[in-house]
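Understanding the architecture of this molecule
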2 protein chains.
Amino acid sequence: MSSSEAGQAAVQPKKLRPARTNATKQKLFEASMELIGERGAAGVTVDEIAAAAGVSKGTVYYNFGSKSDLIAQLLRHGVDILEARLLSVQDESADALAGMDAMIGQAMDFMAEYPSFARLWVSENWRTPSEWQDTFAELRARLLGVIGSAIERVAAEYPVDASISRGSLETAIFGACFVVGLDRQTYNPERTRDQSVAAIMAIMRGYVQKQPDPQG
Amino acid sequence: MSSSEAGQAAVQPKKLRPARTNATKQKLFEASMELIGERGAAGVTVDEIAAAAGVSKGTVYYNFGSKSDLIAQLLRHGVDILEARLLSVQDESADALAGMDAMIGQAMDFMAEYPSFARLWVSENWRTPSEWQDTFAELRARLLGVIGSAIERVAAEYPVDASISRGSLETAIFGACFVVGLDRQTYNPERTRDQSVAAIMAIMRGYVQKQPDPQG
DNA sequence: CTATTTGAACTGACCGGTCAGTTTAGTTAG
DNA sequence: CTAACTAAACTGACCGGTCAGTTCAAATAG
């Protein structure tokens, strides 16, 4: 299964022709993201995905090596988008905490826009022998890297509680973003984006040392 | 997984017979928790569950109405255990923040002991039209209630940031517990329990007001 | 002209749920 | 003490149905 050509970072046309193909892939991404987010990877059939994308089953196997391959590429696709958004605000803010705030805001927006991707992620991420184990490990590292450097920046500009493990902190923020975003979607649609960001930012304000801060 | 269910109000034999049945149910809980946590509810067959429990398929349907029913009862079973543990330390600590710390510690212990339950939870919790929608809503409310009252206690004993929505805070802590616990299991087994608790507790320290503390 | 898509057919495996029959353990009668 | 009885507990083969994956000749469009 899976020719798994790997190279993902680039989204530009690899050949000269794939005008139709790219559009079809995009439709298949959207359709499968939706369906798999709702019912889980194992709960969705390839026929359903094809139908939802308005495409035949054969086309799915023309564009992807297998159902498994489709899902792996889907995960990469989503992370590409999320990572790009996080990076887009990373350095725009003068203040490190404000930057963190903006980044969490971007994460919340992403969760609101692609809730199905978030569901897919939390559904499959921690499965122990999983077909996408390596894919998840790599993608997770990428996202955690972005968060990690933002935390690093905070640690550089503020006095922080050194007794708190950087890695655990990254994970806690990362996880809180997903869960708070999903919970808002599923159980508490009335909660605002800013409320959610504020709740998650509490963890950062707890991380920076409480010292007589001359902030106005 | 110690039998030690102890979970419920009434565990005594309702009739005179069900000695075997209760033991069988317990075995089925353990087996299905493991398998479903690893491969997802839809990815596990009833035959597999029966085999793993050392029981025939028919026995599964003798003890449970359906695969779906088995999973619903499994979710209840796990939440009963978790809730009991959280409540067990709720009022033991004199200080509200120390109580919160103990509660998060209990949560981390639970995640370490029943990682498969945690995986099952995050896998199925946010599915939108799900067979266990109502079950999840109820169980989620129970757990959030425990956390909420612990937060309330903190708010009573400490000055807190009133601009932070109580509900979002509950969710953030709840989610962080699951994600940090699972991540430790899957990707960072070297992280200690206390590191994880400390990272999550940062959110509480960010919640209590940094007020012009007349110190130093 | 050729990359892409179609749609249908086919297969080999699997799955949830059922049910008629068997075993186990508690109870009663002799 | 034990043989007969009974209902709960359990078994596993079986059924109707579904699914992922493959293939391919024909149609379509850049």
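Counting from 1, residues in each chain are numbered in the order their sequence is written. Chains and ligands are labelled sequentially in the order written, the chains with letters from A and the ligands with numbers from 1. Residue-level local features of this predicted model are given only where pLDDT is at least 70; pairs of side-chain atoms are given and counted only at 80 or more, and the full residue set underlies all totals for whole chains, interfaces and linings. Heavy atoms from the whole structure form the basis of all side-chain values; hydrogens and water molecules are not counted.

We now examine the interface of chain A and chain B. One frequent convention defines the size of an interface as the accessible area lost when the parts assemble. By the convention used here, residues are in contact when the closest approach between their heavy atoms is within 4.5 Å. Taken together, the contacts link 48 residues of chain A with 48 residues of chain B. Using a 1.4 Å probe, buried area is obtained as the accessible area two parts lose upon being combined, added over both of them. Buried area between chain A and chain B, summed over both chains or domains, comes out near 4,100 Å², and the portion from carbon and sulfur atoms is 60%. Here a salt bridge means any side-chain nitrogen of Lys or Arg lying within 4 Å of a carboxyl oxygen belonging to Asp or Glu. There are 4 salt bridges connecting chain A and chain B. For Asp161(B), the salt bridge identified is with Arg205(A), shortest N-O distance 3.6 Å. N or O atoms closer than or at 3.5 Å make up a polar contact, with two conditions inside protein: a donor-capable atom paired with an acceptor-capable one, and, for residues adjacent in sequence, both atoms drawn from side chains. The interface formed by chain A and chain B includes 19 residue pairs in polar contact (both at pLDDT 80 or more). The set of elements that each furnish at least two residues to the side of chain A that touches chain B consists of helix H1 (19-39), helix H6 (115-124), helix H7 (133-157), helix H8 (166-186) and helix H9 (193-207) of chain A. In DSSP terms, a helix is any run of H or I states spanning at least four residues, a strand is any run of E spanning at least two, and both are numbered starting from the N terminus. Among the elements that make up the side of chain A that touches chain B, the one with the highest residue count is H8(A) (12 residues).

Mapping chain A onto chain B is achieved by rotating through 180 degrees and translating by 0.0 Å along the same axis, at an RMSD of 0.1 Å. Expressed as a symmetry operation, the mapping of one chain copy onto the other fits a two-fold axis. Residues reaching a pLDDT of at least 70 in both copies supply the C-alpha atoms on which the copies are superposed by least squares.

A few words now on the packing of helix H8 (residues 166-186) of chain B against helix H9 (residues 193-207) of chain B. Residues and elements named next belong to chain B. Two elements in contact, H8 and H9, have axes separated by 10 Å at closest approach and are oriented at 165 degrees. Classified by the interaxial angle, the pair formed by H8 and H9 is roughly antiparallel. Of the two possible hands of crossing, H8 and H9 adopt the one that is right-handed. Contact with H8, carried on its side by Arg 166, Leu 169, Ala 172, Ile 173, Ala 176, Cys 177, Val 180 and Arg 184, involves Arg 193, Ser 196, Ile 200, Ile 203, Met 204 and Tyr 207 of H9 and no other residues of that element. Three residue categories are used. Nonpolar comprises Ala, Val, Leu, Ile, Met, Phe, Trp, Tyr, Cys and Pro, charged comprises Asp, Glu, Lys and Arg, and polar comprises the others, including Gly. Considering only residue class, the contact of H8 with H9 consists of 10 nonpolar, 1 polar and 3 charged. Simply put, an axis is a line fit to the C-alpha atoms, just over the touching stretch for a helix, and the angle between two N-to-C directions goes from 0 to 180 degrees. Angles below 35 degrees are treated as roughly parallel, those above 145 as roughly antiparallel, those between 65 and 115 as roughly perpendicular, and all remaining angles as oblique. Left-handed describes a crossing whose near helix is turned anticlockwise from the far helix by less than a right angle; the clockwise case is right-handed.

The predictor rates its confidence in each residue with pLDDT, a number between 0 and 100. This prediction gives chain A a mean pLDDT of 86; 87% of its residues lie at or above 70. Averaged pLDDT values for the elements of chain A fall to 84 in H1(A) and rise to 97 in helix H5 (residues 96-113) of chain A.

This next bit is on the packing of helix H4 (residues 67-90) of chain B against helix H6 (residues 115-124) of chain B. Residue and element names in this part refer to chain B. Running from N to C, H4 and H6 point in directions that differ by 120 degrees, and their axes come no closer than 11 Å. Here H4 is positioned oblique relative to H6, judged by the angle of their axes. For H4 against H6, the interelement crossing comes out left-handed. Contact with H4, carried on its side by Leu 74, Leu 75, Gly 78 and Val 79, involves Phe 117, Leu 120 and Trp 121 of H6 and no other residues of that element. Taken together, the residues that form the contact of H4 with H6 break down as 6 nonpolar, 1 polar and no charged.

Relative to the 30 Å expected for 21 residues at 1.5 Å per residue, H8(B) spans 30 Å between its end C-alpha atoms, a close match to the ideal helical length. Partly exposed residues are those whose accessible area sits between 20% and 50% of the maximum for their type, while under 20% is buried and over 50% is exposed, using a 1.4 Å probe and protein chains only. Of all 21 residues in H8(B), 18 are buried; the element is thus mostly enclosed. Given the number of residues in a helix, its expected span is that number minus one, multiplied by 1.5 Å.

Two rings from Phe, Tyr or Trp (for Trp, the six-membered ring) form a pair when their centres sit within 6.5 Å of each other. Planes less than 30 degrees apart are called stacked, planes more than 60 degrees apart edge-to-face, and all others tilted. Under the defined criterion, the tally for this structure stands at 16 aromatic pairs over all chains. Geometrically, the ring pair formed by Trp121(A) and Phe136(A) is edge-to-face, given 4.9 Å between the ring centres and 75 degrees between the ring planes. Taken together, the positions of Trp121(A) in helix H6 and Phe136(A) in helix H7 put the pair 15 residues apart, joining distant regions of the chain. Comparing Trp121(A) with Phe136(A), the two get one shared label, buried. With centroids separated by 5.0 Å and ring planes inclined at 35 degrees, the aromatic side chains of Phe110(B) and Tyr114(B) adopt a geometry described as tilted.

All names here are of chain B. Tracing the backbone shows Ser 93 in the loop between H4 and helix H5 (96-113). Look at Ser 93 and you get buried, because its relative accessible area is 18%. Along the chain, Ser 93 and Met 103 lie 10 residues apart, while their C-alpha atoms are 9.9 Å from each other. Setting aside anything within four residues of it in sequence, one finds Ser 93 in contact with Ala 98, Gly 99, Ala 102 and Arg 153.

Residues and elements named next belong to chain A. Scanning the entire structure with this criterion turns up 26 salt bridges over all chains. Two residues, Lys 57 and Asp 47, come together in a salt bridge whose shortest N-O distance is 3.3 Å. Of this pair, Lys 57 sits in helix H3 (residues 57-63) while Asp 47 sits in helix H2 (residues 46-52); the two residues are 10 residues apart in sequence, bridging distant segments of the chain. Two residues, Asp 80 and Arg 142, come together in a salt bridge whose shortest N-O distance is 2.7 Å. With Asp 80 in helix H4 (residues 67-90) and Arg 142 in helix H7, the pair connects residues that are 62 residues apart, well separated along the chain. Asp 80 gets classed as partly exposed once you look at its relative accessible area, which sits at 23%. Among the residues examined, Arg 142 registers a relative accessible area of 23% and is labelled partly exposed. The structure contains a network of salt bridges with shared partners spanning Arg 76, Asp 80, Glu 83, Glu 138 and Arg 142.

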